[in-house]
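# Working through the structure, step by step
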Amino acid sequence: MRRVFWIGVGVAITVVVVVRGKKILARYAPASLVDQATEQVNGLGEKVVEIARDFRTEFTLARDAREQELMAALLAEGQEDPDVVRARRAAGRHARPAAGDTNPFDDTDDVEDLLGYSF
């Protein structure tokens, strides 16, 4: 509890010093000096925003390239791209056939006969 109290006192003192310091600086500093400092701070802020924007762009490109590398390493040779499979599923090409329809890719009966059991 004491620590929280002293942290609060420290924060309050810091706020008072900063507010009064700004008032004293505004009173005694020439206007041109304040304007120059404001311009420098604004210019620095613009540079930081530009750097952050560039970092985000480069990071996104590198992440996408690495994702493609990992996908290529994980896929078996001749295996379709997962995005293509997802798109085909979304289009409904993998829908289950009706009861009377025969699916040319459905060979589960043959496998079950060979194994002697089914799931």
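Residues numbered from 1 in each chain as written. Predicted model: local features only at pLDDT ≥ 70, side-chain atom pairs only at ≥ 80, totals over all residues. Heavy atoms only, no water.

Turning our attention to helix 1 (residues 2–28). With 27 residues, helix 1 should cover 39 Å at 1.5 Å per step; its first-to-last C-alpha distance of 39 Å lies within 8% of that length. Sparse coverage of helix 1 is indicated by the burial of zero of its 27 residues. (Helix = DSSP H or I, 4+ residues; strand = E, 2+ residues; numbered from the N terminus. Expected span 1.5 Å × (residues − 1). Buried < 20%, exposed > 50% of the residue type's maximum accessible area, 1.4 Å probe, protein only.)

Take the confidence of the model for the chain next. Of the residues in the chain, 77% have a pLDDT of 70 or more, and the chain-wide mean is 80. Confidence, read as mean pLDDT per element, is least for helix 4 (residues 108–115) in the chain (59) and greatest for helix 2 (residues 31–74) (89). (pLDDT = per-residue confidence, 0-100.)

A complete count under the given rule lists four salt bridges for this structure. In this structure, the salt-bridge partner of R66 is E69, at a minimum N-O distance of 3.1 Å. On the criterion of helical spacing, the pair formed by R66 and E69 is a turn pair, its members being three residues apart in helix 2. Take R66: its relative accessible area is 46%, and that puts it in the partly exposed class. Classification of E69 by relative accessible area gives partly exposed; the value is 48%. (Salt bridge = Lys/Arg side-chain N within 4 Å of Asp/Glu carboxyl O.)

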